[in-house]
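Each chain, letter by letter, is given below.
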Amino acid sequence: MDIKDTARPLDGAGISAFLRSLPAKPLLLGLGEARHFVGELGEVRNEIFRYLVEHEGYRSFAIESDCLMGLVVHDYITTGTGTLDDVMERGFSHTFGTSPANRELVRWMRAYNEEHDEKLRFFGFDGPLEYWAASPRQALTGLYALLDGPLPGAVVTRETLDTLLGPDDRWSNEATAMDPSLSIGQSAEAQRLRLIADDLVALLDTQTPQLSAEDGERAALYARTATGLLRYHYWLADASPARWTRLSALRAAMMAANLRAIAEQGPALVFSSNLHLQRNQSLMPFGDQTLEWWSAGAITATHLGDRYAFLASAFGTTGDNTPSPDTVEGILSTLPWDHSLIDARRLAEAITKPTPRVSHDFAYFPLDPAQLDTIDGIVFLRQTARLD
């Protein structure tokens, strides 16, 4: 099979043809990043999303960023609350607000909503965590406020809730990532908060009929974030060898829970690292051990089946780093287009035993040749600027 028979230019016709080739229309279309902060990929992503909105009925966009901070962006694009500068500063985690492509996306989504009755929606789907975790205050107090009435007060008073939470810096201490003894996740206050959160989540189930659709959706976000954060903090305080495997799996599970909620508003384009969206098990060297866990994409695909699709991204020449001709990226570099869309499963049949690309950039993850048949498609950029 000629390699060109597996690929097409990355344009509107190519995107539509790819979607029609899938067994079902996806509720979530994942677009993976081989590396964060590659400007060209961000620009291509924006073009893909605009096409999906204008021609394929997509109305939601989700990014690997704090799900609670994402509410700031959502409120801005739907109601105009705040300013673009403020939203880019307060609406993204992981410094993603500094990305010019993300800024242009938010600006475009706001402009679109000003001119259309059917609004676009924005979501962060990561938890409020990195290798450490934020305070559960916003999630717990937000859920408590939305439940408003005598029943939440029977679970806990707001004063007691504030007392148990204490200062936020007790929770958000970055040093807990490497020193579990500094975490308060297994303290008496934290364990009581876990029970309170469980009671509030159960209470939400009984009170959902009295909430508006918007309040119900936001309360559910607060509920799963509060319980997820408290669970994550508990394992931050664990000193066993399983600590980091457990934390990695818990983060993936929080992401997947958010993705399933976003799928209810689908179809949506999801933008995140290839590693978070892939269907196969994640492996990461960590000191003298290798961590293994199922990614958010793998968990989500289990729930959604054919309604989940995954486009991995890959790069050819990056700055002065050119892939070897016998790697997947080297083979794809022979395609005649600067930006290509490849049927990954047909590619797996067309090429035999390609050599894995070796990256000396710890933040760049080349394609794994052994996993091509678990990917629906590949967005390939033949050349990008040097990776920063």
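Refer to the structure above for everything that follows.
Residues numbered from 1 in each chain as written. Predicted model: local features only at pLDDT ≥ 70, side-chain atom pairs only at ≥ 80, totals over all residues. Heavy atoms only, no water.

1. Some thoughts on the overall build of the protein chain
Selection rule: We count a stretch as a helix when DSSP gives it H or I for four or more residues in a row; a strand needs E for two or more, and each element gets its number in order from the N terminus. Each residue gets one of three labels from its accessible area relative to the maximum for its type: buried under 20%, exposed over 50%, partly exposed in between, using a 1.4 Å probe on protein chains only. Note on contacts: a residue pair qualifies if any of its non-hydrogen atoms lie within 4.5 Å across the two residues. Residue-level accessible areas treat just the shown protein chains as cover; the underlying method is Shrake-Rupley with a 1.4 Å probe. His residues and chain termini do not enter the charge count, which takes Lys and Arg as positive and Asp and Glu as negative. Lysine's charge is taken at NZ, arginine's at CZ, aspartate's at CG and glutamate's at CD.
Secondary structure summary: the protein chain contains 15 helices and ten strands in total. Projected onto the principal axes, the alpha-carbon positions of the protein chain cover approximately 70 × 55 × 35 Å. Residues counted as buried form 52% of the 388 residues belonging to the protein chain. Look at the contacts in the protein chain between residues 6 or more apart in sequence, and 78% of them connect residues 24 or more apart. Carbon and sulfur atoms provide 51% of the accessible area of the protein chain, an area that totals close to 17200 Å². Considering the protein chain, the positive charge centre built from 34 side chains and the negative charge centre built from 52 side chains are found 2 Å apart.

2. Topic: the packing of aromatic side chains
The following threshold applies: Ring pairs are drawn from Phe, Tyr and Trp, using the six-membered ring of Trp, whenever the two centres fall within 6.5 Å, and their geometry is named by plane angle: stacked under 30 degrees, edge-to-face over 60, tilted for the rest. A ring has a charge above it when a Lys NZ or an Arg CZ is no more than 6 Å from the ring centre and no more than 35 degrees off the ring normal.
The tally for this structure, following the rule as stated, stands at ten aromatic pairs. Centre to centre, the rings of Phe315 and Tyr364 are 5.6 Å apart; their planes meet at 15°, and the pair counts as stacked. Note that Phe315 is positioned in strand β8 (residues 308-318) and Tyr364 in the loop between α15 (344-350) and β10 (377-384), a separation of 49 residues in sequence. Of the residues examined, Phe315 reaches a relative accessible area of 0% and is grouped as buried. In this structure Tyr364 comes out as buried when scored by relative accessible area, which is 5%. Joined through ring pairs, the aromatic side chains of Phe49, Phe61, Phe92, Trp108, Tyr112 and Phe122 make up one cluster. A cation over a ring is seen here: Arg45 above Phe271, with NZ or CZ 4.7 Å from the ring centre. The ring of Tyr234 carries Arg194 above its face, with NZ or CZ at 5.0 Å from the centroid.

3. Some details on helix α5 (residues 100-115)
For clarity, the threshold we go by: Multiplying 1.5 Å by the residue count of a helix minus one yields the expected span of that helix.
For α5, spanning 16 residues, the distance from its first C-alpha to its last is 23 Å, which sits close to the expected 22 Å at 1.5 Å a residue. Along α5, the residues that are buried comprise Ala101, Asn102, Leu105, Val106, Trp108, Met109, Arg110, Tyr112 and Asn113. Buried-residue contacts for α5 involve α2 (39-56), β3 (60-66), α3 (70-79), α4 (84-90) and β4 (121-126).

4. Some thoughts on the sheet that holds β8
Rules: Any two strands between which DSSP finds at least two bridges are classified as paired. A fitted line through C-alpha atoms represents every axis, and for helices the fit uses only the stretch in contact; the resulting angles, taken between N-to-C directions, go from 0 to 180 degrees.
With mixed pairing, eight strands are arranged side by side in an open sheet as β1-β9-β10-β8-β2-β5-β3-β4. Across the chains shown, the open sheet's two edge strands, defined by having one partner strand only, are β1 (7-9) and β4. Taken over all neighbouring pairs, the strand axes of this sheet differ in orientation by 25° on average, direction set aside. In terms of strand pairing, β3 meets strand β5 (residues 268-273) through four bridges, oriented parallel. By the bridge assignment, Ile63 is partnered in β5 with Phe271. Along the sheet face, helix α1 (residues 12-21) touches β1, β2 (28-33), β8, β9 (339-343) and β10 and points at about 145° away from the line of β1.

5. Some details on the pattern of salt bridges
Pairs may arise between side chains of opposite charge once their charged atoms sit close together. The test is simple: For this analysis, a salt bridge means a side-chain nitrogen from Lys or Arg found within 4 Å of a carboxyl oxygen belonging to Asp or Glu.
One pass over the full model with this rule turns up 17 salt bridges. Between Arg279 and Asp376 there is a salt bridge whose closest N-O contact spans 2.7 Å. Of this pair, Arg279 sits in the loop between α12 (274-277) and β6 (281-286) while Asp376 sits in the loop between α15 and β10, and the two are 97 residues apart along the sequence. Through salt bridges with shared partners, a single network forms among Arg137, Arg158, Asp162 and Asp168.

6. Quick word on the side chain of Ser135
Basically, it comes down to this: As used in this structure description, the phrase polar contact means that two N or O atoms lie within 3.5 Å; if the pair is within protein, one of them must be able to donate a hydrogen and the other to accept it, and residues adjacent in sequence are counted only when both atoms belong to side chains.
With respect to the helices, strands and loops of the structure, Ser135 is situated in the loop between β4 and α6 (137-147). Given a relative accessible area of 13%, Ser135 falls into the buried group. A distance of 3.1 Å separates a polar side-chain atom of Ser135 from the backbone nitrogen of Arg137. A polar contact of 3.1 Å, which involves the side chain of Ser135, links it to the side chain of Asp168. With near-sequence residues (within four places) excluded, Ser135 lies in contact with Asp168, Trp171 and Leu229.

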